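Here's the letter readout for the chains.
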Amino acid sequence: MTDVSTCPPLTRQSVREAHNRIRPYIHRTPVATCETISILASTPQAERCPSSGPNTAAETAPHDHNVTGDAGRYTARPTVKLFFKCENQQRIGAFKARGAFHALGRLIEADGLESVKKKGVVTHSSGNHAQALALAAKTHGVPAHIVMPSISTPSKIAGTKSHGANVIFSGSTSDEREAVVAEVIKETGATLVPPYDHPDIILGQGTQALELEEQVKAILENDPALGIAGRKRLDAVIVPIGGGGMLSGICTALHGTGIKVFGAEPRFEGANDAEQGLKLGKRVEKVKTLTIADGLRTPVGEIPWSVITDKTKLAGIYSVTEEQIKAALKLAMERAKLFIEPSAAVPLAVMLYNEDFRKMVEQEAGDEGWNVGIILSGGNTTVEAIAKLFASPKHEEERAGAKVTTNEERVAENVAG
């Protein structure tokens, strides 16, 4: 990669310049709204969970580590309108295309296209950065070597190979991935394009925040009823965090705008290393977790850490359970008709189910409320993978598949949907 000392500073202006650089290669992804989910997010969990009744919103709300726990004390009532930045519709199905195209473009500018083609590029990734760099490399005619954990989802492996990349498998931890990368560099001389821990990646990922800010403003000018009454812009954004490239990029892009930025992490097996690190006052360097949010299994990088520890840039990080992630994923798909991967559901899960976060929003936003951006970071999963996440006992599956009637009768009917 380009020498960090020669990179542009991590500023809002640098993110604007990065956006201009990558604009020809990326999609300006849409921003979606869903009144039903905004209403649910503005309703206390105690009023929408079957275990506490009445289940006015007909929604299963995993309000604690144990979904059958007492929901009566979950009474926070934040007033919010949600705006979904659909990076699941980005090229290669995830936001990572932004950072990859920016980083490779900067490398070509610094070293020359022929030199970069001769050496090739290498990275390690569970899937989305892998596909992004493979696509960027193919676009510029550059050989790409991609180190992927052997447990990466088949769809992400297939997507990476489809762009002509040389895929090499490794263990799942960062140390295991990086060891294989070192071997590839020794053998080929390829240049490392890291998945998150580099200014060029961070600046590229931050470009989605510029779009979201502009798009929400335009939406509210056209139809004020979609937002909080009297407010014509975003008040906050919730962003997934794994290695931290996207979160630090969005913090950088929105710094000085008055828009609050929050991070969202899975909690399973210590996956919430950024949240814990902020509490401890030091970066957690190693993470080993098999959270369903596979894109968020890595520890925060050094450069992203230097950004998110700045309290003028990041307002806080909150985490959620696996069941909460699944519930948010289900809502996004069934209510908003948005096909996303589990990692992308984590920010929505924080908004819906993290009671500490909900209380904070209720207090800080007051009766007026907030317009909240939710970053849907990607959609690289399959129907089969989603089905396994939500596998039910046979009877429930048959009812869901319209194979058994409410009276337990097995019938076949040709009824128009």
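Residues numbered from 1 in each chain as written. Predicted model: local features only at pLDDT ≥ 70, side-chain atom pairs only at ≥ 80, totals over all residues. Heavy atoms only, no water.

Let's shift gears to the nonpolar core. The biggest cluster of nonpolar side chains holds 45 residues, and the ones touching the most others in it are L82, F84, L348, M351, F357 and I374. Broken down by element, this core gets its largest block of residues, nine residues, from helix α15 (residues 342–353). Residues A209, V216, I219 and V261 belong to the second largest nonpolar core, which totals 32 residues. (Core = buried A, V, L, I, M, F, W, Y, C linked by side-chain atoms within 4.5 Å. Buried < 20%, exposed > 50% of the residue type's maximum accessible area, 1.4 Å probe, protein only. Helix = DSSP H or I, 4+ residues; strand = E, 2+ residues; numbered from the N terminus.)

The pairing of strand β4 (residues 144–149) with strand β5 (residues 166–170) spans five bridges and is classified as parallel. Considered in β5, the bridge of V147 is made with I168. Between the parallel elements β4 and β5, the chain passes through helix α7 (residues 154–162) in a crossover that is right-handed. (Pairing = 2+ DSSP bridges. Right-handed = clockwise from strand over helix to strand, strands pointing away.)

Take the pairing of strand β10 (residues 370–376) next. Counting buried positions over the seven residues of β10 gives seven, a clear majority of the element. By the alternation rule, side chains of β10 split into W370, V372, I374 and L376 and N371, G373 and I375, which are all buried. When strand β2 (residues 80–86) meets β10, the two strands line up parallel, connected through seven bridges. Looking across to β10, one finds that F83 is bridged to G373. Sheet topology note: the strand β7 (residues 236–240)/β10 ladder contains three bridges and is parallel. Residue pairing in the sheet places A236 in a bridge with V372 of β10.

To continue, consider the side chain of S319. Inspection of the secondary structure assignment puts S319 in strand β9 (residues 316–320). The class of S319 is buried, set by a relative accessible area of 2%. Beyond its immediate sequence surroundings of up to four residues, S319 is in contact with E265, P266, R267, N272, E275 and N354. (Contact = heavy atoms within 4.5 Å.)

Right, let's talk about the packing of aromatic side chains for a bit. Summed over the entire model, instances satisfying the criterion amount to five aromatic pairs. Judged by centre distance (6.3 Å) and plane angle (55°), the ring pair of F262 and Y318 falls under tilted. Placement of F262 in strand β8 (residues 260–266) and of Y318 in strand β9 is noted, with a sequence separation of 56 residues between them. Owing to a relative accessible area of 2%, F262 belongs among the buried residues under this scheme. Residue classification places Y318 among the buried positions, given a relative accessible area of 16%. Residues F262 and F357 carry aromatic rings whose centres are separated by 5.2 Å and whose planes lie at 85° to one another, so their mutual orientation is edge-to-face. With F262 in strand β8 and F357 in helix α16 (residues 355–365), this residue pair connects regions lying 95 residues apart in the sequence. Grouping residues by exposure puts F262 and F357 together as buried. Taken together, the aromatic side chains of F262, Y318, F357 and W370 make up a single cluster linked through ring pairs. Positioned over the ring face of F390 is K326, at 5.8 Å from the centre of the ring. (Phe/Tyr/Trp six-rings, centres within 6.5 Å; stacked < 30°, edge-to-face > 60°. Lys NZ or Arg CZ within 6 Å of the ring centre and 35° of its normal.)

Moving on to the environment of S248. Tracing the chain through its elements places S248 in helix α11 (residues 245–254). Placed 56 residues apart in sequence, S248 and P304 show a C-alpha to C-alpha distance of 5.2 Å. When sequence neighbours within four positions are dropped, the list of residues in contact with S248 reads I202, P304, V307 and I308. A distance of 3.2 Å separates a polar side-chain atom of S248 from the backbone oxygen of G245. (Polar contact = N/O pair within 3.5 Å; in protein donor to acceptor, adjacent residues only side chain to side chain.)

What follows deals with the pattern of salt bridges. Inspection of every chain in the model, using the stated rule, returns 19 salt bridges. Two residues, E368 and R231, come together in a salt bridge whose shortest N-O distance is 2.9 Å. Of this pair, E368 sits in the loop between α16 and β10 while R231 sits in the loop between α10 (207–222) and β7, and the two are 137 residues apart along the sequence. Look at E368 and you get partly exposed, because its relative accessible area is 44%. Taken together, the shared-partner salt bridges connect R21, R106, E109 and D200 into one network. (Salt bridge = Lys/Arg side-chain N within 4 Å of Asp/Glu carboxyl O.)

Now for helix α1 (residues 12–22). Among the residues making up α1, those that are buried are R12, S14, V15, A18, H19 and I22. Buried residues of α1 fall within an arc of 155° about the axis and therefore sit on the same side. The inward-facing, buried residues of α1 contact α4 (96–111), α9 (199–205), α10 and α11. (Arc of directions from axis to C-beta.)

By themselves these figures say nothing about function.
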